Amino acid sequence: MYSENVKKIAAIHDLSGTGRTSLMAVIPILSTMGFEVCPLPTAILSGHTQYPHFYMLDLTEEMPKIIAQWKEMKIRFDAIYTGYLGSPGQITIVKEFIETFRQENNLVVIDPVLGDNGKLYKTFDNQMVTQMQSLIQKADVVTPNMTELFYLLGKPYSQHNSDQTLKQYLVELSDKGPQIVIVTSVPVEKDANTTCVYAYNREGERFWKIGCPYYPAHYPGTGDTFTSVITGALMQGDSLPVAMDRAVQFISQGIRATFGYEYNQMDGILLEKVLPTLNIPVQISNYEMI
């Protein structure tokens, strides 16, 4: 069961009823960019886990049943895209999924969600880190934040690093499997109003960097939004730096569209106001080669 008309992307994420995170960001973004999103939910939540209270239904036991049906249907995916995984058991399922559905030309994108601000998320431990280190070996593209970069490399967290040091770390992570490594939320020393995204492509051995303004607000789901745009842009044939530019600009537009409202930041950025911009060509490129 395969159609060349619209490319299929298997999206392995949780589904939150409120808050624009995970599948509630992945599906509208990739659909707007022209792809059929085939969700494999890892859990169903009343709202994402940063709300003070939430209900969660773990779907670990159900995931293999869905996968078995997809195998029977002989579905082929043009891309496989994973985000938050709740346990080592889910990572094992995802590794088997990639092995089963991997094709010569499909793209595997892994957002290795582990932690932030120098620490693991409270529900994770070192076993989760070890499993994630194993999972990224199967990726073509990985998109860790700074915290996750250091955990995946097994290095102590350091907030400020020179360009040369970061380039070395990107190569080290790429050597573990993924061709492309994109690191987000890189702070800029002596400039609290800017953060950066760094990237490395082993094909051509090129490094890229984009600065983006820092807004004094926290919106859950921006990581899911960023990697979703990256995935869609690469699938559309964009170069790595243009894909980065599109993702950074889209998030910046989304935050600007949201920031002026008296609004519960836990509900995420107002994607609905900026989704149409995904189909507008990049007018001004901000990337630089380093």
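Chains are numbered independently. Their residues run from 1 in the order of the written sequence. Whole-chain, interface and lining totals are the exception, using all residues; otherwise, since this is a predicted model, local features are given only for residues with pLDDT of at least 70 and side-chain atom pairs are given and counted only at 80 or more. Excluding hydrogens and water, the side-chain values take into account all heavy atoms of the structure.

## Observations regarding the sheet that holds strand E3 (residues 36–39)
Defined as follows: DSSP calls a pair of strands paired once it identifies at least 2 bridges connecting them. Going along the chain from the N terminus, every DSSP run of H or I of four or more residues is numbered as a helix, and every run of E of two or more is numbered as a strand.
The mixed open sheet is built from nine strands, whose spatial order is E3-E1-E6-E7-E10-E11-E12-E13-E14. A strand with exactly one partner marks an edge of an open sheet, and here the two such strands are E3 and strand E14 (288–289). Sheet analysis places strand E10 (residues 141–142) next to strand E11 (residues 180–188), joined by two bridges and oriented parallel. Within the sheet, the bridge partner assigned to valine 141 lies in E11 and is isoleucine 180.

## Here we look at the packing of helix H3 (residues 88–101) against helix H4 (residues 126–135)
Threshold: Every axis in this analysis is a line fitted to C-alpha atoms, fitted for helices over the stretch in contact. Angles between the N-to-C directions lie between 0 and 180 degrees. Throughout this description, any angle smaller than 35 degrees is read as roughly parallel, any larger than 145 degrees as roughly antiparallel, any in the 65 to 115 degree range as roughly perpendicular, and the remainder as oblique. Contacts between residues were defined by any pair of non-hydrogen atoms, one from each residue, lying within 4.5 Å. Residue type decides the class: Asp, Glu, Lys and Arg count as charged, Ala, Val, Leu, Ile, Met, Phe, Trp, Tyr, Cys and Pro as nonpolar, and the leftover types, Gly among them, as polar.
Packing of H3 against H4 brings their axes to within 9 Å, and their N-to-C directions diverge by 10 degrees. Considering their axes alone, H3 and H4 lie roughly parallel with respect to each other. Touching Pro88, Ile91, Thr92, Val94, Lys95 and Ile98 of H3 are Gln127, Met128, Gln131, Met132, Ser134 and Leu135, all from H4. Counted by class, the contact of H3 with H4 contains seven nonpolar, four polar and one charged residues.

## Description of the sheet that holds strand E5 (residues 56–58)
Within the open sheet, the three strands sit side by side as E2-E4-E5. Their pairing is mixed. In this open sheet, the two edge strands, each paired with only one partner strand, are strand E2 (15–18) and E5. Across the sheet, the axes of successive neighbouring strands diverge by a mean angle of 10 degrees, strand direction being ignored. In terms of strand pairing, strand E4 (residues 43–47) meets E5 through three bridges, oriented antiparallel. Of the residues in E5, the one forming a bridge with isoleucine 44 is leucine 57.

## Considerations on the nonpolar core
Put simply, the rule is: By convention a nonpolar core is built from buried Ala, Val, Leu, Ile, Met, Phe, Trp, Tyr and Cys residues, the set being connected through side-chain atoms within 4.5 Å. The buried label goes to any residue with under 20% of its type's maximum accessible area, the exposed label to any with over 50%, and the partly exposed label to all in between, with areas taken from a 1.4 Å probe on protein chains only.
Core analysis: the largest hydrophobic core is formed by 45 residues, its most contacted members being Phe77, Ile80 and Phe97. Within the second largest apolar cluster, 44 residues are counted, among which are Ala25, Leu30, Val248 and Val274.

## Things to note about helix H2 (residues 63–73)
In an α-helix, one turn spans 3.6 residues; hence positions three or four apart end up facing the same way. Heads up, the rule is: The directions considered for the arc are those from the helix axis to the C-beta atoms.
If you check which residues of H2 are buried, you get Met63, Ile67 and Trp70. The buried residues of H2 occupy an angular sector of 60 degrees when the element is viewed end-on, so they sit on one face. Looking at H2, the residues exposed on the side facing more than 90 degrees away from the buried face are Lys65 and Glu72. Where the residues of H2 are buried, they touch strand E1 (8–12), E3 and H3. Directly after H2, the chain includes lysine 74, whose backbone phi takes a positive value near 55 degrees.

## Some details on the packing of aromatic side chains
Applied cut-off: Put simply, two rings from Phe, Tyr or Trp (the six-membered ring, in Trp's case) pair if the centres are within 6.5 Å, and we call them stacked under 30 degrees between planes, edge-to-face over 60, tilted for the rest.
Per the counting criterion, the structure on display carries 11 aromatic pairs. Measuring from ring centre to ring centre gives 5.9 Å for phenylalanine 77 and phenylalanine 97, while their planes differ by 35 degrees; the resulting arrangement is tilted. Of this pair, phenylalanine 77 sits in the loop between H2 and strand E6 (79–82) while phenylalanine 97 sits in helix H3; the two residues are 20 residues apart in sequence, bridging distant segments of the chain. Geometrically, the ring pair formed by tyrosine 121 and phenylalanine 124 is edge-to-face, given 6.4 Å between the ring centres and 65 degrees between the ring planes. Relative accessible area serves as the criterion here: at 33%, tyrosine 121 is assigned to the partly exposed category. Overall, phenylalanine 124 belongs to the buried group, its relative accessible area being 7%.

## Observations concerning helix H8 (residues 240–259)
Inclusion rule: Between the first and last residue of a helix there are one fewer steps than residues, each counted as 1.5 Å, and that sum is the expected span.
The first and last C-alpha atoms of H8 sit 28 Å apart over 20 residues, in line with the 28 Å expected at 1.5 Å per residue. Counting buried residues in H8 gives 14 out of 20 residues, a clear majority hidden from the surface.

## What to know about the pattern of salt bridges
Applied cut-off: The term salt bridge refers to a pairing of a side-chain nitrogen on Lys or Arg with a carboxyl oxygen on Asp or Glu at a separation within 4 Å.
Applying the stated rule across the entire model yields eight salt bridges. Of the charged contacts, one joins aspartate 238 and arginine 246 as a salt bridge, the two residues approaching to 2.5 Å between their closest N and O atoms. Judged by its relative accessible area of 23%, aspartate 238 is partly exposed. A relative accessible area of 14% means that arginine 246 is categorised as buried.

## As for the pairing of E6
Note the cut-off: Assignment of crossover handedness uses the view with strands pointing away from the viewer, where a clockwise path from the first strand over the helix to the second indicates a right-handed crossover.
On E6, burial covers both faces: Ala79 and Tyr81 on one face and Ile80 and Thr82 on the other are all buried. Bridging between E1 and E6 involves four bridges; their strand directions are parallel. Opposite isoleucine 12, over in E6, you have threonine 82 as the bridge partner. Relative to strand E7 (residues 107–110), E6 runs parallel, the two sharing four bridges. Bridge assignment links alanine 79 to a residue of E7, and that residue is leucine 107. Note that the unit made of E6, H3 and E7 has a crossover that is right-handed.

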